[in-house]
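# Breakdown of the fold
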Amino acid sequence: MGLDSLERGISFFGGVIALISGAFFIPHLLKNTTITVTAKHVKGKSCAAGYKLVASLCEKSQITHPSYWWPQFLLIVAAGLVILLFAWLRRRVGVIVAGLLLGLASGTAGVVFLFLAGWLGLRAWRLQKYGDASFSGSSRRAREMGQARKQGREPSAKKVRGAKGSTATTSAPVPSPSKRYTPKKPTRRS
């Protein structure tokens, strides 16, 4: 099953957010910029060479070349485009993988993408196990399966919704024995 309309819309939103966050790197890509590097103080309240003590941390300013920012910029933009592409193609697994990669590579800012990937993964699991991705539908189906197990019925039977809304239970067909792979039954000796 591909992405439904809710998942697709949220995936498009996540892809756009990734592209917007990539746009914040553009000023760093055009010229040398200064970043502040922090470190813990060494013995007592002294800082290493080149650092200044500010509050309880040691800080120093460092000039970065645009090439310092290119890998992260390319990763964010590529992952955002991949999320958009897979959302357009309605491929859940592609959105999940791109979201996980972007979330892990982005650090704290990537929590949004980790949440997106986890949410899509949870919905895929519910869809596979219960046949319904929504919380209420999967809960209802889990209760029905639990009651079927208690009553001794077949728990693996799935309800299939017909054209007019009626439901019918179906179970997987049992394959016939194969001459090649099925072991012979032992013969009885009298």
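Residues numbered from 1 in each chain as written. Predicted model: local features only at pLDDT ≥ 70, side-chain atom pairs only at ≥ 80, totals over all residues. Heavy atoms only, no water.

## Section: the overall build of the protein chain
- A count of helical and extended segments in the protein chain gives six helices and five strands.
- Put simply, the protein chain runs from its N terminus to its C terminus through helices and strands in the order α-α-β-β-β-α-α-α-α-β-β.
- Within the protein chain, buried positions represent 26% of all 190 residues.
- When contacts within the protein chain are restricted to residue pairs at least 6 apart in sequence, those whose partners lie at least 24 apart make up 53%.
- Element-wise, carbon and sulfur atoms account for 62% of the exposed surface of the protein chain, whose accessible area totals about 14,000 Å². (Helix = DSSP H or I, 4+ residues; strand = E, 2+ residues; numbered from the N terminus. Buried < 20%, exposed > 50% of the residue type's maximum accessible area, 1.4 Å probe, protein only. Contact = heavy atoms within 4.5 Å. Areas by Shrake-Rupley, 256 points an atom, 1.4 Å probe, with all protein chains shown as cover.)

## Considerations on the sheet that holds strand β2 (residues 52-54)
- One open sheet holds the three strands; their spatial order is β1-β3-β2, and the pairing between them is antiparallel. Pairing within the sheet leaves two strands with one partner each, and these edge strands are β1 (33-40) and β2. In this sheet, neighbouring strand axes are inclined to one another by 45° on average, regardless of whether the strands run parallel or antiparallel.
- Bridge count between β1 and strand β3 (residues 57-64): eight bridges; the pairing is antiparallel. (Pairing = 2+ DSSP bridges. Axes fitted to C-alpha atoms, helices over the stretch in contact; angles between N-to-C directions.)

## Side note on the state of the cysteines
- Summed over the entire model, instances satisfying the criterion amount to one disulfide.
- Cysteine 47 shares a disulfide with cysteine 58; S-S distance 2.0 Å. Note on the cysteine 47 and cysteine 58 pair: the S-S dihedral is about -85°, so by sign convention the disulfide is left-handed. Pair noted here: cysteine 47 is in the loop between β1 and β2 and cysteine 58 is in strand β3, with a separation of 11 residues, a long-range link. (Disulfide = S-S within 2.5 Å.)

## Section: helix α3 (residues 70-89)
- Along its 20 residues, α3 runs 28 Å from first to last C-alpha, staying within 8% of the 28 Å computed at 1.5 Å per residue.
- Taken as a whole, α3 has its buried residues at Phe73, Ile76, Val77, Ala79, Gly80, Ile83, Leu84 and Ala87. One side of α3 holds all its buried residues, which, seen down the axis, span an arc of 160°.
- Buried residues along α3 sit against α1 (5-23), α2 (26-30), α4 (92-106) and α5 (111-130).
- Within two residues after α3, arginine 90 carries a phi angle of roughly 60°, on the positive side. (Expected span 1.5 Å × (residues − 1). Arc of directions from axis to C-beta.)

## Observations concerning the environment of phenylalanine 25
- As for its position among the elements, phenylalanine 25 is in the loop between α1 and α2.
- Phenylalanine 25 sits in the buried class, given a relative accessible area of 11%.
- Between the alpha carbons of phenylalanine 25 and leucine 74 there is a distance of 9.8 Å; along the sequence they are 49 residues apart.
- Ignoring any residue separated from it by four or fewer positions in sequence, one finds phenylalanine 25 in contact with Trp69, Gln72, Phe73 and Ile76.

## Some points on unusual backbone geometry
- A positive phi angle, close to 60°, is found at arginine 90, a residue other than glycine.
- Inspection of the secondary structure puts arginine 90 in the loop between α3 and α4.

## Points about α5
- The first and last C-alpha atoms of α5 sit 28 Å apart over 20 residues, in line with the 28 Å expected at 1.5 Å per residue.
- All of the buried residues along α5 are Phe113, Leu116, Ala117, Leu120, Arg123, Arg126, Leu127 and Tyr130.
- Downstream of α5 by one or two residues, glycine 131 has phi in the positive range, about 85°.

## Notes on the environment of threonine 33
- When you line up the elements, threonine 33 lands in strand β1.
- Its relative accessible area of 11% is what places threonine 33 among the buried residues.
- C-alpha of threonine 33 to C-alpha of threonine 64: the two residues are 31 residues apart in sequence and 5.4 Å apart in space.
- Discounting residues that sit within four places of it in the chain, threonine 33 has contacts with Pro27, His28, Gln62, Ile63, Thr64 and Trp69.
- At 3.4 Å, the side chain of threonine 33 and the side chain of tryptophan 69 are in polar contact. (Polar contact = N/O pair within 3.5 Å; in protein donor to acceptor, adjacent residues only side chain to side chain.)

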